[in-house]
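The chain contents come next:
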Amino acid sequence: MRTTLNGSPALGPLLARGALLSPFKRPRPDADFPRTRLQLPGVRVDLTRLAAYERVCGFATGDDSLPLTYPHVLGFPPAMRLMSGRDFPLPLLGLVHTSIEITRSTVLKTTGEYELTVYVDGLAPHRRGTEAAVVTEVRTAGKVVWESRSTYLARHRTDGRTPRTSSDGPGPLPAQPARPPAAGGTPLAAVEPSAAVTEPAPPAAVPLSLVPEPLPVLADWRLGADVGRRYGAVSGDRNPIHLHPLTARLFGFPRPIAHGMWTVARCLAAHGTPPAVRIRAEFRAPVPLPGTVAYAAEGGRFELRGADRVHLTGEVYPLTS
């Protein structure tokens, strides 16, 4: 079923609805999920907001083409409408963004008019719970020119034997409000889980010959405490875990954490991408703010590292016609 929207949904009411419904959700990989495809026609880019986004994420300003990650900002409100609904089986609170894959066939002009389509592509078992895939498509003249596929994990009790489906990186959400996760992807929000979480067994040893060499560090970035607030202002994603120490502590984080999509955008701004490209990134651990991270890259691979963990890994694949 297709539903055409008259405008981009307001995020505030959607986040509130998702929070209120979260305690009543019982996620499982065989649950039904919404089959509706939301269409948003006639989308034009607010150039002032775009310039602010480019500055926050490190992209050059004044280009006549959109940064690779910017259509995700345009598609986020329709995605939230789906994910906050009664028929979406995963609780919005505690949902962790584990990965994103973006495919762009050509550059998107800043002055173009686009049609967005957003839908849930399915659920899959994960050894730490259930993962949902959400797809966003951008069309111009009826042709898909940009597409993303994001995976979101709802943690719940499992037998721990399910093969991983996208990212095995996200660590535990806080079991108590005052205790932060040791590692993990980027939670849409973090609260006490409604079900106990079974910790996975320790991973099997990996032969040293199969462990990839660390990528060379190209830059150290000092991140201010306001990165989350600045990105929230330009993206519309004002999740409290990203904004202030007080609001972050309410959800178990001693400090605010950076948006996962900001980390991807910042890395791609430094790395650069060809006009036709596919990228994949996996969110492995939150980035506390303020803090210092190392941007490392070689060839098509990139990563963001802290003092004792890898926060983000990604790859860039040029496409040929």
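The preceding data block contains the structure.
Residues numbered from 1 in each chain as written. Predicted model: local features only at pLDDT ≥ 70, side-chain atom pairs only at ≥ 80, totals over all residues. Heavy atoms only, no water.

Asker: So what about the overall build of the protein? Which residues, and what values?
Answerer: Each helix and strand counted, the protein has 6 helices and 12 strands in total. Counting the 321 residues in the protein, one finds 52% classified as buried. For the protein, restricting intrachain contacts to residue pairs at least 6 apart in sequence, the fraction spanning at least 24 positions comes to 75%. When the accessible surface of the protein is totalled, it reaches about 14600 Å², and 54% of it is carbon and sulfur. (Helix = DSSP H or I, 4+ residues; strand = E, 2+ residues; numbered from the N terminus. Buried < 20%, exposed > 50% of the residue type's maximum accessible area, 1.4 Å probe, protein only. Contact = heavy atoms within 4.5 Å. Areas by Shrake-Rupley, 256 points an atom, 1.4 Å probe, with all protein chains shown as cover.)

Asker: Before we move on, could you go through the pattern of salt bridges and cite the residues and values that matter?
Answerer: This structure, assessed with the given rule, holds 12 salt bridges. The shortest N-O distance in the salt bridge between arginine 309 and aspartate 308 comes to 3.7 Å. Taking relative accessible area as the criterion, arginine 309 reaches 31% and is therefore assigned partly exposed. Among the ionic contacts, a cluster of salt bridges with common partners joins Glu101, Arg278, Arg280, Glu282 and Arg284. (Salt bridge = Lys/Arg side-chain N within 4 Å of Asp/Glu carboxyl O.)

Asker: Which residues make up unusual backbone geometry, and what are the values?
Answerer: In this model, leucine 289 is joined to proline 290 through a cis peptide bond whose omega is -5 degrees. Examined against the element boundaries, proline 290 turns out to sit in the loop between strand S9 (277-283) and strand S10 (291-298). In this structure, alanine 141 is a non-glycine residue whose phi angle is positive, near 55 degrees. Its place among the elements puts alanine 141 in the loop between strand S5 (129-140) and strand S6 (143-155).

Asker: Pulling in residues and values, what's your account of helix H3 (residues 70-83)?
Answerer: Over its 14 residues, H3 extends 20 Å from the first C-alpha to the last, a length consistent with the 20 Å expected when each residue adds 1.5 Å. Judged by how many residues are buried, H3 sits mostly within the fold: 13 of 14 residues are covered. (Expected span 1.5 Å × (residues − 1).)

Asker: I'd like a rundown of the packing of aromatic side chains, residues and numbers included.
Answerer: Scanning all chains against the criterion turns up 4 aromatic pairs. Seen in terms of ring centroids, tyrosine 53 and tyrosine 70 are 4.9 Å apart; in terms of plane orientation they differ by 70 degrees. Their pairing is edge-to-face. Note that tyrosine 53 is positioned in helix H2 (residues 47-57) and tyrosine 70 in helix H3, a separation of 17 residues in sequence. For the pair formed by tyrosine 53 and tyrosine 70, the shared burial category is buried. When the ring centre of phenylalanine 33 is taken as reference, the NZ or CZ atom of arginine 35 above it lies at 3.7 Å. A cation over an aromatic ring shows up here: arginine 266 above the ring of tryptophan 221, its NZ or CZ 4.0 Å from the ring centre. (Phe/Tyr/Trp six-rings, centres within 6.5 Å; stacked < 30°, edge-to-face > 60°. Lys NZ or Arg CZ within 6 Å of the ring centre and 35° of its normal.)

Asker: Lay out the pairing of strand S2 (residues 37-43) with the relevant residues and their values.
Answerer: Where strand S1 (residues 2-4) lies against S2, 3 bridges are found, and the strand directions are parallel. Of the residues in S2, the one forming a bridge with arginine 2 is arginine 37. The pairing of S2 with strand S4 (residues 114-126) spans 4 bridges and is antiparallel. Counted as the bridge partner of leucine 40 is leucine 116 from S4. (Pairing = 2+ DSSP bridges.)

Asker: Let's hear about the nonpolar core: which residues, and what values?
Answerer: The biggest cluster of nonpolar side chains holds 69 residues, and the ones touching the most others in it are Tyr53 and Tyr231. When residues of this core are assigned to their parent elements, the largest contribution, 8 residues, is made by H3. If we skip the residues at most four places from it in the chain, tyrosine 231 touches Tyr53, Val56, Cys57, Val73, Gly236, His259, Met261 and Trp262. (Core = buried A, V, L, I, M, F, W, Y, C linked by side-chain atoms within 4.5 Å.)

Asker: Go over the packing of H2 against helix H6 (residues 260-271) with me, naming the residues and quoting the values.
Answerer: Contact geometry of H2 with H6 gives a least axis separation of 9 Å together with a crossing angle of 80 degrees. Here H2 is positioned roughly perpendicular relative to H6, judged by the angle of their axes. Together, Tyr53, Val56 and Cys57 of H2 and Trp262, Ala265, Arg266 and Ala269 of H6 make up the contact between the two elements. (Axes fitted to C-alpha atoms, helices over the stretch in contact; angles between N-to-C directions. Parallel < 35°, antiparallel > 145°, perpendicular 65-115°, else oblique.)

Worth remembering: the numbers are spatial, not functional.
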